[in-house]
Amino acid sequence: MSIKTIGRRQFMGGLALGTAGLLAYPTKVLGANDRVRVGMIGAGGRGQELLRWVSAVPNVQVVAVADIYKRRHDEARSIVPALQAYDDHRRLLDVKDIDAVLIASPLHWHARHLLDTLAAGKDLYCEKTMTWSIQEAEQCLAAAKSSRQVVAVGLQHESSGTLADAKQWIKQGLPGKITQVEAWMGRNTPHGQGQWVRPVPADCIAGHVRWDAFLNGRSARAFDAYKFINWRLFWEFSGGNVTENMVHQIAWITTALELDLPTSAYMSGGVFSEKDGREVPDTIAVTVNYPNDVVVLWRSVFNNSHYGLGEQFLGSDGTIEHLSGVTDMVTGKSASAVYLYPEKTNRPNGAALTGESKDQNHMANFIDCVRSRKPPNAPVEVGYRSAVAGHMANLAYRTRKVVTLEEARSTLPPM
Ligand SMILES: NC(=O)c1ccc[n+]([C@@H]2O[C@H](COP(=O)([O-])OP(=O)(O)OC[C@H]3O[C@@H](n4cnc5c(N)ncnc54)[C@H](O)[C@@H]3O)[C@@H](O)[C@H]2O)c1
């Protein structure tokens, strides 16, 4: 594995973008009740969920999809029948009256799709993780900030009631000084079936896929249907479970605590559960250090789901516990909630609290912002800081050493 150190300027050349051109496009001003016309890039598993979700938001019309695999055009039309379908995202971006674009392509395409959408003067909702590398994340942040477009990231837990409650409790000082957050996420699959592995559809053949377009600058090779469908398992296209799942929890934690970028990260683990040819680890222990005396731990396995997903914020005056999908040992019920437990030492008379705020509809929030021009619940800054933390952890895993922010910024992820 070769690690490449780069100058910032050198990397930026790789994802050429006329940022100067970003402001050239006038943003169509929509009234509070105007119909929002939406396009989608990447209509696979998540893209089809987003199509259903956005179609349910009042006064939205999905007009087009772009996907390099023919099958997805038919699948998208089975959800929104009158769609225009393209096999090149640039044709979709040429459509003048599309106001907003949803991006649900594989990770290694997010930055290109995000930058091209901004350059076309359209608002966008980009699935997490915002980018495949830190260098791309920096370029996307800069481009978004110098544009007038609304940029939302598919970190839907940023719209959750549990996060609103945790933020409120922290603002009120109820947990006192929080120095550590322990977070975890566990899944399981039947023996012999690796997490995430998808069967290759019979029609997934070279003639139905624009394979060269999929590679996006990765070394040229013959069509590989398995990698095309199971891109998540390979570093060239993916960031593994850190960019699939840790990113949601890091976003949640850093929003709750108002943390910015980590100072350093370390990650250990490996491919231990199902040795099925995947490159990205299934067993993970991450330590992310933040300024202001906070360390975040994240552990994850793919061979045990007993504890589901959660975070524990450990403070001098109280503990905030956010649980999701954890099976209660006594009742067998699955819990999803946020709690505050006072510490007897420093808040002996404090009461235990259970969060009561309702979730907001994350997609409806994006569409509202397209009309109001307000910042969305998961803006580009959250996409950026969660992407940077994840990429630092992955770089640490792949180099087997603690990685500082400075090192990570100047090191391209190995392919
Ligand atoms: N927010 C969430 O909870 C959540 C959940 C699932 C997936 N996701 C994210 O959604 C993204 C997509 O995941 P998925 O499971 O749908 O993957 P997928 O492989 O099912 O879908 C990706 C689609 O993009 C298409 N594609 C590939 N390259 C393209 C290109 N250059 N232009 C246009 N289309 C292209 C593929 O043909 C495919 O249809 C990932 O970033 C993933 O992390 C987010």
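Details of the structure are given in the entry above.
Residues numbered from 1 in each chain as written. Predicted model: local features only at pLDDT ≥ 70, side-chain atom pairs only at ≥ 80, totals over all residues. Heavy atoms only, no water.

A separate point is the state of the cysteines. Applying the stated rule across the entire model yields zero disulfides. A disulfide-free cysteine, C140 has its sulfur positioned 7.4 Å from the sulfur of C126, the nearest such atom. Not part of a disulfide, C369 finds its nearest cysteine sulfur in C126, a span of 16 Å. Classification of C369 by relative accessible area gives buried; the value is 4%. (Disulfide = S-S within 2.5 Å. Buried < 20%, exposed > 50% of the residue type's maximum accessible area, 1.4 Å probe, protein only.)

Here we come to the site of the ligand. The environment of the ligand is formed by 28 residues, the closest being R46, D67, Q156, R198 and W231. Here K128 contributes a side-chain N or O atom positioned 3.0 Å from an oxygen atom of the ligand. Relative to its unbound accessible surface of 850 Å², the ligand loses 93% to contact with the protein. Put simply, the ligand lies in the largest pocket. Every element with two or more residues in the shell around the ligand is listed here: α3 (45–55), α6 (107–119) and α11 (240–257). Looking at side-chain class alone, the shell around the ligand contains eleven nonpolar, nine polar and eight charged residues. (Near = heavy atom within 4 Å. Polar contact = N/O pair within 3.5 Å; in protein donor to acceptor, adjacent residues only side chain to side chain. Areas by Shrake-Rupley, 256 points an atom, 1.4 Å probe, with all protein chains shown as cover. 1 Å grid on protein atoms, 1.4 Å probe; cavity = no way out; pocket = protein on both sides within 12 Å on 5 of 7 lines; lining within 4 Å. Sits in = over half its atoms within 2 Å of the grid points. Helix = DSSP H or I, 4+ residues; strand = E, 2+ residues; numbered from the N terminus. Nonpolar A, V, L, I, M, F, W, Y, C, P; charged D, E, K, R; others polar.)

Relative to the helices and strands, V60 is located in strand β3 (residues 60–66). By relative accessible area, which is 13% here, V60 ends up buried. For V60, the contacting residues outside a window of four places in its chain are V36, V38, V54 and I367. (Contact = heavy atoms within 4.5 Å.)

With that settled, the discussion passes to the layout of surface pockets. In this structure, the largest pocket spans a volume of roughly 890 Å³. As for the largest pocket, its lining consists of 42 residues, of which G42, A104, S105, P106 and W231 are closest to the centre. Tallied by class, residues from the lining of the largest pocket come to 15 nonpolar, 13 polar and 14 charged. (Points joined across faces, edges and corners; volume = space filled by probe spheres on them.)

Moving on: the sheet that holds strand β7 (residues 151–154). Strand order in the open sheet formed by six strands is β4-β3-β2-β5-β6-β7, and the pairing between neighbours is parallel. The sheet is open, and its two edges are formed by β4 (84–86) and β7, each paired on a single side. Each neighbouring strand pair of the sheet contributes to a mean axis angle of 20°, computed without reference to strand direction. The pairing of strand β5 (residues 100–103) with strand β6 (residues 123–127) spans four bridges and is classified as parallel. Paired with V101 across the strands is L124, a residue of β6. (Pairing = 2+ DSSP bridges. Axes fitted to C-alpha atoms, helices over the stretch in contact; angles between N-to-C directions.)

Moving on, we come to the pattern of salt bridges. Summed over the entire model, instances satisfying the criterion amount to 19 salt bridges. Here D88 ties to R91 by a salt bridge, and the two come within 3.9 Å at their closest N and O atoms. By relative accessible area, D88 is classed as buried at 10%. Its salt-bridge partner being D293, residue K177 comes within 2.8 Å of it at the nearest N-O pair. On the criterion of sequence distance, the pair formed by K177 in the loop between α8 (161–171) and β8 (178–186) and D293 in the loop between β10 (283–290) and β11 (294–301) is long-range, its members being 116 residues apart. When its relative accessible area of 46% is taken as the criterion, K177 is described as partly exposed. Connected through shared salt-bridge partners, R71, R72, E75 and D203 make up one network. (Salt bridge = Lys/Arg side-chain N within 4 Å of Asp/Glu carboxyl O.)

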